[in-house]
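Descriptive analysis of the structure
If you want the building blocks of each chain, they are given just below.
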Amino acid sequence: MTKLALITALDEADVYSRVAVNLGPIALEAYLSQRSKGRIKTFIVETETEVVAIKPDFIGISCVTENYGRAIALASSLKAKLHVPIFVGGVHMSALPESLDPVFDAGIIGEGEETFLELLEKFPKIEGIKGIVFHKHVVAPFMGPKAPDKSGNYDVHINPRRLPIKELDSLPMPNLKKWVERIGLPYVMTTRGCPYKCSFCSSPVHWCGYREFSPERVVSEVEALIGDFNIRHIRFFDDVLTLNKKRLKKIVSLIDERGLNKKVNFSCFSRVGLMDQETIALLKRGMVDFVSVGIESASSEMISLLKDKPFKIKSAQNVIDRSVKEGLNMGCSFLIGTPGETEADLEATCRFIEKNGDKLFEAEINPFVPRPGTPYWGQAAKRGLVGLNMDWSRLKDYSFLPHFDPDRYIYVNEKMPYKVFLKYVERLTGLFNKISIGKKKIEIMSRYISPAQMPAKLTYYKSPRRGDLLR
Ligand code: B12
Ligand code: SF4
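About the cut-offs
Residues numbered from 1 in each chain as written. Chains lettered and ligands numbered in written order. Predicted model: local features only at pLDDT ≥ 70, side-chain atom pairs only at ≥ 80, totals over all residues. Helix = DSSP H or I, 4+ residues; strand = E, 2+ residues; numbered from the N terminus. Buried ≥ 20, exposed ≤ 12 C-beta atoms within 10 Å, placed from the backbone. Near = placed C-beta within 6 Å. Nonpolar A, V, L, I, M, F, W, Y, C, P; charged D, E, K, R; others polar. Domains from an automatic or database assignment. Contact = placed C-beta atoms within 7 Å. Expected span 1.5 Å × (residues − 1). Arc of directions from axis to C-beta. Core = buried A, V, L, I, M, F, W, Y, C linked by C-beta atoms within 7 Å. Pairing = 2+ DSSP bridges. Axes fitted to C-alpha atoms, helices over the stretch in contact; angles between N-to-C directions. Parallel < 35°, antiparallel > 145°, perpendicular 65-115°, else oblique.

**Topic: the environment of E167**
Topologically, E167 is positioned in the loop between β7 (156–158) and α8 (177–183). You can call E167 exposed: it has 9 C-beta atoms within 10 Å.

**Focus on the site of ligand 2**
By nearness alone, every residue bordering ligand 2 is listed as C194, Y196, K197, C198, C201, S203, P204, D239, V240, R271, G294 and D308. Grouping the amino acids of the shell around ligand 2 by side-chain chemistry returns 6 nonpolar, 2 polar and 4 charged.

**Thoughts on the domain arrangement of the chain**
Each assigned domain of the chain is listed here: domain 1 (2–165) and domain 2 (185–453). Here the C-alpha centre of domain 2 lies 28 Å away from the C-alpha centre of domain 1. The partner domain 2 presents 23 residues to the 21 residues of domain 1 that form the contact. Among the elements of the structure, α4 (68–82) and α5 (91–95) are those that each provide at least two residues to the side of domain 1 that touches domain 2.

**Brief notes about α4**
For α4, spanning 15 residues, the distance from its first C-alpha to its last is 20 Å, which sits close to the expected 21 Å at 1.5 Å a residue. All of the buried residues in α4 are Y68, A71, I72, L74, A75 and L78. Taken around the axis of α4, the buried residues stretch over an arc of 165°, which confines them to a single face. Looking at α4, the residues exposed on the side facing more than 90 degrees away from the buried face are A80 and K81. Those residues of α4 hidden inside the fold are in contact with α3 (48–54), β3 (58–62), β4 (86–89) and α5.

**Some thoughts on the nonpolar core**
Counting 118 residues, the largest nonpolar core has I61, A71 and A75 as the members making the most contacts within it. Broken down by element, the residue count for this core peaks at 7 residues, all from helix α17 (residues 418–435). Looking at which domains feed residues into this core, each of domain 1 (2–165) and domain 2 (185–453) supplies at least three. Apart from residues no more than four positions distant in its own chain, A71 is found in contact with A9, I61, C63 and V88.

**Looking at the sheet that holds strand β11 (residues 233–236)**
Taken in spatial order, the 6 strands line up as β8-β11-β12-β13-β14-β15 in an open sheet, and their pairing is parallel. The sheet is open, and its two edges are formed by β8 (187–188) and β15 (360–367), each paired on a single side. Packed on one face of the sheet, helix α18 (residues 439–448) meets β11, β13 (288–296), β14 (329–336) and β15 and runs near 105° to β15.

**Observations concerning α17**
Between its first and last C-alpha, α17 extends 25 Å over 18 residues, near the 26 Å set by a 1.5 Å rise per residue. Of the surrounding secondary structure, the elements contacted by the buried residues of α17 are β14, α15 (343–356) and β15.

**Side note on the packing of α15 against α17**
Viewed as axis vectors pointing N to C, α15 and α17 meet at an angle of 5°, and their least axial separation amounts to 11 Å. When the axes of α15 and α17 are compared, the pair comes out roughly parallel. Along its contact with α15, which presents E343, L346, C350, I353 and E354, the element α17 presents V420, Y424, R427, L428 and L431. Tallied by class, residues from the contact of α15 with α17 come to 7 nonpolar, no polar and 3 charged.

**Comments concerning the site of ligand 1**
If you check the shell around ligand 1, you find 41 residues, and the closest are A20, G24, G60, G89 and G112. Of all elements in the fold, only α1 (15–18), α2 (23–35), β3, β4, α5, α6 (113–122) and α9 (203–207) reach the threshold of two or more residues within the shell around ligand 1. Of all the elements, α2 adds the most residues to the shell around ligand 1, at 4 residues. For the shell around ligand 1, the per-class residue count stands at 19 nonpolar, 16 polar and 6 charged. No fewer than three residues from each of domain 1 (2–165) and domain 2 (185–453) sit in the shell around ligand 1.

**Here we look at the sheet that holds strand β6 (residues 132–135)**
Taken in spatial order, the 7 strands of this open sheet run β2-β1-β3-β4-β5-β6-β7, and their pairing is mixed. Each edge of the sheet is formed by a strand with only one pairing partner; in this case those strands are β2 (40–45) and β7. Neighbour-to-neighbour, the strand axes of this sheet turn through a mean angle of 20°, independent of strand direction. Two strands pair when backbone bridges link them, and strand β5 (residues 106–108) and β6 are joined in this way by 2 bridges, in the antiparallel orientation. Residue pairing across strands places G107 opposite V133, the latter belonging to β6. Running at roughly 165° to β2, α2 makes contact with β1 (2–8), β2, β3 and β4 of the sheet. Of the strands in this sheet, β1, β2, β3, β4, β5 and β6 touch α6, which is tilted by about 155° from β5.

Here it is in structure tokens:
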């Protein structure tokens with residue numbers, strides 16, 4: 001039997017991620033166990049010590065871009081202790097495979113299930129495997145790891161992508177037991193990917209298209225979760241749950257028919273353009289407690305720059321008003337500091353949030369990050385602000401605005417001086433504190449987060465700011 005240890009590289013200080021679950025390794029565990037017919041035994045672990053104790057034959061590390069440096073450090077330490085092949089996967093590898101560090105024996109691009117199984121079965125004969133990136137030294141060990149060239153590029157081989165799995169329903173159900181017991185809240189993905197291509201977003205380059213699990217499969221998963229655990233809420237984490245209205249109707253009907261909406265409620269993400277009256281009513285009937293949509297900016301120019309299928313800010317306001325009237329709790333996300341954003345644009349966004357403060361239960365305010373796989377990465381790289389040998393933790397997502405660190409943030413907007421931007425971050429942090437960690441949010445959260453998980457969440461919410469903005 002082959003032993004595989006899977007671990008997620010995380011920022012130890014990031015309580016938010018610590019009290020969450022990474023569905024990637026869980027999906028891989030289920031698939032590898034089923035398809036290898038027990039030949040591969042997967043251990044999902046959380047610490048380096050646990051990996052060492054397992055004495056695995058292979059190690060897999062999952063990470064997002066801001067944790068890629070942590071993944072490299074973890075792999076280096078494990079390699080020195082265990083001398084076994086180490087692979088890396090997740091959205092960072094999909095977006096920037098050329099950044100594969102020589103400590104890794106291969107990186108997995110995009111969907112992981114089929115590629116990883118083939119890789120584990122064929123290693124070290126991996127040259128022909130679709131959907132991987134590797135260094136020559138792996139297939140020709142005598143060559144040794146290559147150092148980056150003068151411009152910081154490694155000698156990497158990026159193989160063509162693998163076609164996505166056609167029938168998502170053919171995938172085994174993920175085993176969420178350990179995770180639900182720990183965090184008291186299951187995440188469910190009913191789709192993979194997103195058909196839109198918003199200019200700032202990494203999801204399209206990772207999944208390259210949109211696929212759905214069938215309504216029957218989705219509802220079976222919901223039913224199994226309710227049967228297995230004492231839960232009050234299920235979080236659908238799809239990029240856009242409401243995309244296919246016919247499918248949404250079917251899911252809601254099945255949930256309704258089986259009385260599942262009497263046992264738990266749900267939350268999900270949607271888009272402004274998809275929240276028509278019928279969808280709002282469907283979400284209500286399906287017992288969706290809260291919905292989040294990305295508005296990004298109150299300026300039409302910025303919305304057009306950022307969003308695929310842009311909308312008028314008036315429509316966003318309508319969606320908030322109608323949804324709140326129907327009794328849905330609304331969360332909205334915004335991007336600030338985007339290249340091209342003027343002070344007037346940001347002022348408009350601030351006012352929009354202020355105006356809607358009492359209606360929203362959550363305002364996620366994200367300082368813009370030039371993510372790999374988007375046009376903004378190339379632009380920032382040309383200016384020397386980002387690159388393959390950078391400190392990846394500087395691409396940290398500060399959606400929890402009180403943690404914004406003005407000394408580490410990479411500001412890429414040339415239309416507004418950084419000092420002016422910081423003044424707005426200060427003002428928006430006040431709004432964030434009022435809305436996103438205010439009374440209403442805590443009240444809603446305590447309806448679905450288990451009492452065991454609540455203290456960790458609250459500690460995170462109360463943790464202090466990391467930098468002084470207006471020095
Ligand atoms: C759910 C979710 C969360 C949840 C759960 C997180 C998680 N997965 O860790 C929460 C809320 C906690 C979260 C947190 C964050 N998230 Co998030 N999240 C998502 C979301 C919506 C879905 C991820 C998911 O569960 N997919 C389902 C599983 C099955 O897919 P998967 O994880 O990609 O795994 C597959 C492959 O990637 C691969 N794979 C993954 N790992 C490995 C490892 C090995 C060894 C191998 C072989 C293969 C492999 O195989 C898997 C099966 O096919 C994505 C957007 C998206 N649609 O992908 C954003 C996304 C991944 N998140 C993002 C970000 C920025 C964050 C945060 C930094 C945000 C923050 N405020 O701090 C944190 C970081 C957390 C972390 N893990 O370090 C960005 C990442 C961008 C980037 N380039 O790095 C994304 C892409 C959103 C976006 N549109 O930009 N997130
Ligand atoms: S921002 Fe949302 S709608 Fe736009 S591409 Fe990303 S996931 Fe899709």
